Amino acid sequence: MNPAEDYILKQPEPYRSILLHLQVIVEHTISIAELKYKWGLPFYYINGKPFCYFNASHKGQFVDVAFVKGNQINVFKSHHVTEKRKK
């Protein structure tokens, strides 16, 4: 099994369901996205370049979808969480 998929499947609920749903969305929206396991997280690559990653934060009780070039996304800026974030 892919270590990224293993990461997702080993998460407790509700994180597992959220991550599985996000996985389906990314893979159906961007069919060329390749799921890899980098830096201990499920990471999607497009054409060999990092695109986004998922992070289940049990302590913070949320799931992050972080975009590597997120600062270049100009739509829905009011929904972006950038506080205390590198990406």
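It should be emphasised that the depicted structure is a prediction, and the values quoted were computed from it without experimental measurement. (Residues numbered from 1 in each chain as written. Predicted model: local features only at pLDDT ≥ 70, side-chain atom pairs only at ≥ 80, totals over all residues. Heavy atoms only, no water.)

1. Some details on the pairing of strand β1 (residues 34-38)
Of the pairings in the sheet, the one linking β1 to strand β2 (residues 41-46) comprises 5 bridges and is antiparallel in character. Across the sheet, the residue bridging to E34 is Y45, located in β2. From the end of β1 to the start of β2, which pair antiparallel, there are 2 residues, and W39 there has a positive phi angle of about 55°. (Pairing = 2+ DSSP bridges. Helix = DSSP H or I, 4+ residues; strand = E, 2+ residues; numbered from the N terminus.)

2. What to know about the sheet that holds strand β4 (residues 62-67)
Strand order in this open sheet of 4 strands is β1-β2-β3-β4, and the pairing throughout is antiparallel. The two strands at the open ends of the sheet, each matched to only one other strand, are β1 and β4. Each strand of the sheet is rotated relative to its neighbour by a mean of 25°, with strand direction disregarded. Against the sheet, helix α2 (residues 15-29) engages β1, β2, β3 (49-57) and β4, with an angle of about 160° to β3. (Axes fitted to C-alpha atoms, helices over the stretch in contact; angles between N-to-C directions. Contact = heavy atoms within 4.5 Å.)

3. Description of the pairing of β2
Every other side chain in a regular strand lies on the same face of the sheet, so the side chains alternate between the two faces. Burial of β2 is extensive: 6 of the 6 residues sit out of reach of the surface. Side-chain alternation along β2 places L41, F43 and Y45 on one buried face and P42, Y44 and I46 on a second face that is also buried. Of the strand pairs in this sheet, β2 and β3 are connected by 4 bridges, and their pairing is antiparallel. Bridge pairing in β3 links Y45 to P50. (Buried < 20%, exposed > 50% of the residue type's maximum accessible area, 1.4 Å probe, protein only.)

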